[in-house]
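Structural characterization, general
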Amino acid sequence: MKPSILVVEDEHNIARGLAFNLGSEGYHVEVQESGEDGLARLAERSRPVDLVVLDVMLPGISGLDLLRRLREDGDRTPVLLLTARDSEHDIVEGLDHGADDYLTKPFSLPVLLARVRTLLRRAPRPRDEAPAASFRIGSATVRPERFELERSGETVPLTAKELRLLQFLHERRGRAVSRGEILEEVWELHPDTQTRVVDTFVLRLRKLIEDDPARPARLVSVRGYGYRLQEEAEARPTPL
């Protein structure tokens, strides 16, 4: 069965171009041009979609409001945000609302298609496949089978990309990994792609696993290179 993608975009030319190019890749594509219509379509539980491509600036209900309502209803459908805003604050706000990934306009079509392919891999695992094992980072426990992180008695939902980045860093804990390596392995992008998506996601993860995100002790920066998830014995506050 073809993966189903819902595009919520009010700019007609962009919506038409997305529908054409995603359809050419073999996806079933529907388009809604307002937040209200997008919410109504997503409420049709008998016709679930596999991915939402969501513009932030919509008439009526904004893309962020739509996303917030979706997550409050417990809907974990992967969401790729499209935004004309490229400030770190606006991007982090979208991620905090539960977006799995984002692209700023104007965007490259090959990059968008790569992000779509990656997000669609968040398919339910086969019943006979063992669930991914939980793991600890300091006082936080990451539970991949639930897309959740537990810390200090609080449970926080994780997006697909947050979980994948945590898993990637944990698998390579104790050694430095470059931004390019992270882009290639987690986002399936060319390592030289010019984007701050890695740094933005690291800021988000530090809020979840660090005692003091401003002085990270576990997920530390490697100047001019990338990041390192510290082994337990190494974990101590370091300057950004």
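Everything below is about the structure printed above this text.
To keep things clear, this report deals only with the structure shown in the data block. (Residues numbered from 1 in each chain as written. Predicted model: local features only at pLDDT ≥ 70, side-chain atom pairs only at ≥ 80, totals over all residues. Heavy atoms only, no water.)

**Examining the packing of aromatic side chains**
Using the following cut-off: Here a Phe, Tyr or Trp ring, Trp counted by its six-membered ring, pairs with any other such ring whose centre lies within 6.5 Å, and the pair is stacked when the planes are under 30 degrees apart, edge-to-face when over 60, and tilted otherwise. A helix here means a DSSP run of H or I that spans at least four residues, while a strand means a run of E at least two residues long, and both kinds are numbered starting from the N terminus. Burial classes: relative accessible area under 20% of the type maximum marks a residue as buried, over 50% as exposed, and values in between as partly exposed (1.4 Å probe, protein chains only).
Inspection of the entire model under this criterion finds one aromatic pair. With a centroid separation of 5.1 Å and an interplanar angle of 80 degrees, the aromatic rings of Trp187 and Phe201 are classed as edge-to-face. Remark: Phe201 occurs in helix 8 (residues 197-209) and Trp187 occurs in the loop between helix 7 (179-186) and helix 8; sequence separation between them is 14 residues. Accessibility assignment for this pair places Trp187 and Phe201 in one class, buried.

**Section: unusual backbone geometry**
Cis rather than trans, the peptide bond between Lys105 and Pro106 has omega equal to -5 degrees. The topology assignment puts Pro106 in the loop between strand 5 (101-104) and helix 5 (109-120). The residue Phe147 is not glycine, and still its phi comes out positive at about 55 degrees. Residue position: Phe147 is located in the loop between strand 7 (140-143) and strand 8 (148-151).

**Observations regarding the packing of helix 7 against helix 8**
Filter applied, for reference: For helices, the fitted line uses only the C-alpha atoms of the stretch in contact; every axis is such a line through C-alpha atoms, and the angle between N-to-C directions lies from 0 to 180 degrees. Should an angle fall under 35 degrees it is called roughly parallel, over 145 degrees roughly antiparallel, and 65 to 115 degrees roughly perpendicular, with every other angle called oblique. When checking whether two residues touch, look at their non-hydrogen atoms; a contact exists if any pair is within 4.5 Å. Polar here means any residue other than Ala, Val, Leu, Ile, Met, Phe, Trp, Tyr, Cys and Pro, which are nonpolar, and Asp, Glu, Lys and Arg, which are charged; Gly is therefore polar.
Where helix 7 meets helix 8, the closest approach of the two axes is 10 Å, and the angle between their N-to-C directions is 90 degrees. Put simply, helix 7 runs roughly perpendicular to helix 8. Each of Arg179, Ile182 and Leu183 in helix 7 lies in contact with helix 8, whose residues at this interface are Val197, Val198 and Asp199. When its residues are assigned to classes, the contact of helix 7 with helix 8 shows four nonpolar, no polar and two charged.

**Some remarks on the pattern of salt bridges**
For clarity, the threshold we go by: Salt bridges, as used here, are contacts in which a Lys or Arg side-chain nitrogen is within 4 Å of a carboxyl oxygen on Asp or Glu.
The final tally for this structure, using the stated rule, is 19 salt bridges. A salt bridge links Lys105 to Glu11, with the shortest nitrogen-to-oxygen separation between them at 3.4 Å. Taken together, the positions of Lys105 in the loop between strand 5 and helix 5 and Glu11 in the loop between strand 1 (4-8) and helix 1 (12-24) put the pair 94 residues apart, joining distant regions of the chain. Judged by relative accessible area, Lys105 falls into the buried class, the value being 17%. Linking Asp100 and Arg71 is a salt bridge whose minimum nitrogen-to-oxygen distance equals 3.0 Å. Placement of Asp100 in the loop between helix 4 (88-96) and strand 5 and of Arg71 in helix 3 (residues 63-72) is noted, with a sequence separation of 29 residues between them. Assigned by exposure class, Asp100 and Arg71 land together as buried. Taken together, the shared-partner salt bridges connect Glu9, Glu11, Asp55 and Lys105 into one network.

**Quick notes on the nonpolar core**
Just so we agree on the cut-off: Note on terminology: a nonpolar core comprises buried Ala, Val, Leu, Ile, Met, Phe, Trp, Tyr and Cys residues joined through side-chain atoms within 4.5 Å.
By size, the foremost hydrophobic cluster in this structure holds 65 residues, and its most contacted members are Ile5, Leu22, Leu54, Leu112, Val116, Ile182 and Trp187. Ignoring anything within four residues of it in the chain, the contact list for Val116 reads Ile5, Leu22, Tyr27, Leu51 and Leu80.

**Section: the sheet that holds strand 9 (residues 154-157)**
Each strand in a sheet pairs with another by means of backbone hydrogen bonds, the pair being arranged parallel or else antiparallel. For the record, the criterion: In this description, strands pair whenever DSSP reports at least two bridges between them.
The four strands lie next to each other as 6-7-8-9, forming an open sheet whose pairing is antiparallel. For this open sheet the edge positions go to strand 6 (135-137) and strand 9, each flanked by a neighbour on one side alone. With strand direction ignored, the average angle separating the axes of adjacent strands in the sheet is 25 degrees. As judged from the three bridges shared by strand 6 and strand 7, these two strands associate in the antiparallel manner. Each bridged residue has a counterpart across the sheet, and for Ile137 the counterpart in strand 7 is Ala140.

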